[in-house]
Amino acid sequence: MNVGLKTQILPAGEAAVAAAARILAEGGLVAFPTETVYGLGADATNPAAIAHLYQAKGRPAFNPLIAHVGDVTAARKIAHFDAPATALAEAFWPGPLTLVLPKTENCAVADLATAGLDTVAIRIPAHPVARDILRAFGGPVVAPSANLSGHVSPTTAAHVQSDLAGRIDLIVDGGPVAVGVESTIVGCFDAPMLLRPGGLPRAEIERVLGRALVQPPADTESDRGQPLAPGMLASHYAPRARVRLNALVLEPGEALLAFGLGAISGIDGASAVMNLSERGDLDEAAANLFGHLRALDGKGVHTIAVMSIPHEGLGEAINDRLRRAAHGARMNGRE
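Nothing here was measured: the structure is a model prediction, and the numbers come from that model.

### Describing the overall build of the protein chain
No. 1: For the protein chain, the count of helices and strands is 10 helices and 14 strands.
No. 2: By the burial criterion, 58% of the 335 residues in the protein chain qualify as buried.
No. 3: When the accessible surface of the protein chain is totalled, it reaches about 13,100 Å², and 52% of it is carbon and sulfur.

Written out as structure tokens, the structure reads:
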């Protein structure tokens, strides 16, 4: 691992896009904004670049990566689309939806990026900076979240810098992202399956499909086996502090991650308080989630107590990330 690399930071613009495309073509690593979170990009066809990405993130090599492409024509070169996949792509791309599809016979995405699976995860991002970089580079780019593996995902360039400075070549600073949680992942298998809730609510996907998404088998969420898709490891998105969910009473010295204006007993003894959305807006809460977790964790607190979040719309994705954050604390002996 070449820690000690000089990481350049450039504001989004023509010079940054040109530099990003050049670095990607040379096998380097570039962090850039998408509408969901900041991604860490590498040439999806270059096994050495992908191996470097896994090293930079400290990411398990059995955890597959999402290939980002510029348009549906590029997507069809690497994956087979059935009727449900086509309908979803037409409805939601570009946007925060990833489809897991069978690879084509001549799929250019390296086996290392698909973790040896016969499927590939693909999405077309909506963020203009991401689109410009993909267009300038001219090929698929794998881009998991631009953070150390298992840490809280980055929603600003500063978050990327705090985790990956000295490990990657370039950070393109496009300001805070809009959505704030990763893409929703749907596996286009015999029946479309919700592999990871995310920035596109389940109800919108089911409306287009005309049927309910099936759930993955219970044994697919583990830190031991190979996941079906990115982001399915049980202990993803974990801060250093213990995370306590659905808190009704705040213990002395705990930090509070609040939602809405509901009262909680013991708040006067809180070490710190941040509110995902005082007006109870789930879109705002999703955009603030990772930034607020990072900010509270940065205060060195022992425990972050989290108020209950409605399990509807983007609340499903927020609760998924919080559950994995809490699991990460248990896995690391912080509970």
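Picking up where we left off.
### Focus on the nonpolar core
No. 1: Of all hydrophobic cores here, the largest spans 49 residues; its most connected members are Phe81, Trp93, Leu97, Leu99, Ile122, Ile168 and Ile205.
No. 2: Among the elements that make up this core, the one with the highest residue count is helix H2 (residues 47-57) (5 residues).
No. 3: Sequence-distant contacts of Leu99, defined by excluding residues within four places in its chain, comprise Phe81, Ala85, Leu88, Ala89, Trp93, Val120, Ala121, Ile122, Val186 and Cys188.
No. 4: Counting residues in each nonpolar core, the second largest holds 28 residues, with Ala241, Phe259, Val306 and Ala325 among its members.

### Observations concerning the packing of helix H1 (residues 14-25) against helix H6 (residues 128-137)
No. 1: Look at H1 against H6: their axes get within 9 Å of each other, and the N-to-C directions meet at 50°. Taken as axis vectors, H1 and H6 run oblique relative to one another. Crossing handedness for the pair H1 and H6: right-handed. Across from Val17, Ala20, Ala21, Leu24 and Ala25 in H1, the residues of H6 making contact are Asp132, Ile133, Ala136 and Phe137.
No. 2: The residue makeup of the contact of H1 with H6, split by class, is 8 nonpolar, no polar and 1 charged.

### Description of the packing of helix H4 (residues 83-92) against helix H8 (residues 202-209)
No. 1: Between H4 and H8, the shortest axis-to-axis distance is 9 Å and the interhelical angle comes to 125°. Accordingly, the angle class assigned to the pair H4 and H8 is oblique. Every pair of crossing elements has a handedness; the one defined by H4 and H8 is right-handed. Contacts between H4 and H8 involve Pro84, Ala87, Leu88, Ala91 and Phe92 from the former and Glu204, Ile205, Arg207, Val208 and Leu209 from the latter.
No. 2: Of the residues assigned to the contact of H4 with H8, the class counts are 8 nonpolar, no polar and 2 charged.

Parameters at a glance
- Residues numbered from 1 in each chain as written.
- Predicted model: local features only at pLDDT ≥ 70, side-chain atom pairs only at ≥ 80, totals over all residues.
- Heavy atoms only, no water.
- Helix = DSSP H or I, 4+ residues; strand = E, 2+ residues; numbered from the N terminus.
- Buried < 20%, exposed > 50% of the residue type's maximum accessible area, 1.4 Å probe, protein only.
- Areas by Shrake-Rupley, 256 points an atom, 1.4 Å probe, with all protein chains shown as cover.
- Core = buried A, V, L, I, M, F, W, Y, C linked by side-chain atoms within 4.5 Å.
- Contact = heavy atoms within 4.5 Å.
- Axes fitted to C-alpha atoms, helices over the stretch in contact; angles between N-to-C directions.
- Parallel < 35°, antiparallel > 145°, perpendicular 65-115°, else oblique.
- Left-handed = near helix turned anticlockwise from the far one by under 90°.
- Nonpolar A, V, L, I, M, F, W, Y, C, P; charged D, E, K, R; others polar.

Geometric values such as these leave the question of function open.
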